[in-house]
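What follows is each chain in one-letter form.
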Amino acid sequence: MKATINNIQIDLSKPLDISIPLSNNEQNPIAWYQNAPEIEPVTMGDWIGKVSEGKSSTNFNNIFFNPHAHGTHTECLGHITRDFYSINQCLIQFFFMAELISVEPKKVGEDLVITKEQIENALGGNSPKAIIIRTLPNPESKKHLNYSNTNPPYLEESASIFIREKGIQHLLIDLPSVDKEHDEGKLLAHKAFWNVKDVNQVNEDARFNCTITEMIYVNEEIQDGSYLLNLQFASFENDASPSKPILYKIKK
């Protein structure tokens with residue numbers, strides 16, 4: 001099935017899913033010192049909401065998870081502000097021109113950091129609405145890591161400022177956070193991207209319609225370049241939601 005959007009031709013039958021599914025086993029990625037997600041059938045007395053148990057005509061599960069800790073998620077500036085802002089209210093458009101870049105973080109002291117220069121060089125003058133950052137190396141094991149207390153790579157503040165100043169509205173990355181794991185609550189990259197100057201009294205020029213998506217996975221078969229991004233998420237009234245970003249190749 002082919003479609004044309006703003007003179008861009010794509011094949012809707014060939015989606016490229018860059019999300020990590022949520023599961024309740026050791027294959028699920030974990031961050032922020034949480035336990036694995038729980039997906040369990042409802043029990044009421046001797047009734048179990050699981051067809052294979054022979055007491056229910058339906059599978060009827062409860063799910064307990066944290067969107068920030070348990071897989072691909074999209075967040076709005078409400079993630080860092082005193083006042084409540086919902087991803088469901090902030091993100092109301094879902095298709096964007098996106099640029100996929102691959103970057104190998106640089107060693108800075110004990111950290112691995114993605115720099116402004118790396119982002120600038122990889123973009124090569126492009127100014128898409130969304131940027132997708134794949135870090136190198138890129139083993140499939142990223143989909144199953146426990147990131148807690150591992151000091152993963154992160155964006156330096158100047159890189160986040162550069163992305164904001166390029167007019168990029170949606171930042172997607174294959175890490176648990178754009179910021180350093182232990183940063184004393186500074187959250188410099190988050191604040192720079194959303195242009196939040198005071199988390200207690202959000203400035204009027206903060207970027208309410210912009211999002212950060214973390215813990216994606218872009219496999220090796222997907223080449224760097226321009227794509228149409230469909231940024232899907234569940235309609236949670238929360239600062240973040242599990243999400244399913246989908247890429248479509250642009251027909252030349």
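Model, not experiment: these values are computed from the prediction. (Residues numbered from 1 in each chain as written. Predicted model: local features only at pLDDT ≥ 70, side-chain atom pairs only at ≥ 80, totals over all residues. Heavy atoms only, no water.)

Draft legend 1. Up close: the overall build of the protein chain. Helix and strand counts for the protein chain come out as 4 helices and 17 strands. Relative to a compact globule of 252 residues, whose C-alpha radius of gyration would be 18 Å, the protein chain shows 19 Å and is just as compact. A principal-axis box enclosing the C-alpha atoms of the protein chain has dimensions of 60 × 50 × 35 Å. Counting over 252 residues, the protein chain shows a buried share of 46%. (Helix = DSSP H or I, 4+ residues; strand = E, 2+ residues; numbered from the N terminus. Rg over C-alpha atoms; globule rule 2.2 N^0.38 Å. Buried < 20%, exposed > 50% of the residue type's maximum accessible area, 1.4 Å probe, protein only.)

Draft legend 2. Seen up close, the sheet that holds strand β11 (residues 111–114). If you walk across this open sheet you meet the 3 strands as β10-β11-β13, and the pairing is mixed. Only two strands of the sheet have a single partner each, and these edge strands are β10 (106–108) and β13 (154–155). Pairing analysis gives 3 bridges linking β10 to β11, with the strands arranged antiparallel. Paired with K107 across the strands is L112, a residue of β11. Across the sheet, helix α2 (residues 116–123) is in contact with β10, β11 and β13; its angle to β11 comes to roughly 40 degrees. (Pairing = 2+ DSSP bridges. Contact = heavy atoms within 4.5 Å. Axes fitted to C-alpha atoms, helices over the stretch in contact; angles between N-to-C directions.)

Draft legend 3. Structural view of a positive patch on the surface. On the surface, K2, K14, K249 and K251 cluster together to form a positively charged patch. For K2, the position within the fold is in strand β1 (residues 2–5). (Patch = residues over 30% accessible without salt bridge, like charges linked within 9 Å, V, L, I, M, F, W, Y side chains within 5 Å. Areas by Shrake-Rupley, 256 points an atom, 1.4 Å probe, with all protein chains shown as cover. Salt bridge = Lys/Arg side-chain N within 4 Å of Asp/Glu carboxyl O. Lys, Arg positive; Asp, Glu negative; His and termini not counted. Charge placed at Lys NZ, Arg CZ, Asp CG, Glu CD.)

Draft legend 4. A look at unusual backbone geometry. P137 follows L136 through a cis peptide bond whose omega is 0 degrees. Phi is positive for Y33, close to 65 degrees, though the residue is something other than glycine. Examined against the element boundaries, Y33 turns out to sit in the loop between β3 (16–17) and β4 (38–41). Unlike most non-glycine residues, E184 shows phi in positive territory, near 60 degrees. Of note, E184 is situated in the loop between β14 (170–173) and α4 (188–194).

Draft legend 5. How the structure looks around the nonpolar core. Among the nonpolar cores identified, the biggest contains 26 residues, and I119, I131, I133, L155, I163 and L171 are the most heavily contacted of them. Sorting the residues of this core by element identifies β9 (95–103), α2, β12 (130–135), α3 (157–165), β14 and α4 as the ones contributing at least two each. With 20 residues, the next largest nonpolar core counts I87, F96, A98 and L172 among its residues. (Core = buried A, V, L, I, M, F, W, Y, C linked by side-chain atoms within 4.5 Å.)

Draft legend 6. Representation of the environment of T213. Following the sequence through the fold, T213 ends up in strand β15 (residues 211–214). A sequence separation of 187 residues divides T213 from E26, and the C-alpha atoms of the two residues are 22 Å apart. When near neighbours in sequence (up to four residues on either side) are disregarded, T213 contacts T72, H73, T74, L171, L172, I173, L231, S243 and P245. At 2.7 Å, the side chain of T213 and the side chain of T74 are in polar contact. (Polar contact = N/O pair within 3.5 Å; in protein donor to acceptor, adjacent residues only side chain to side chain.)

Taken by themselves, the reported measurements are silent on function.
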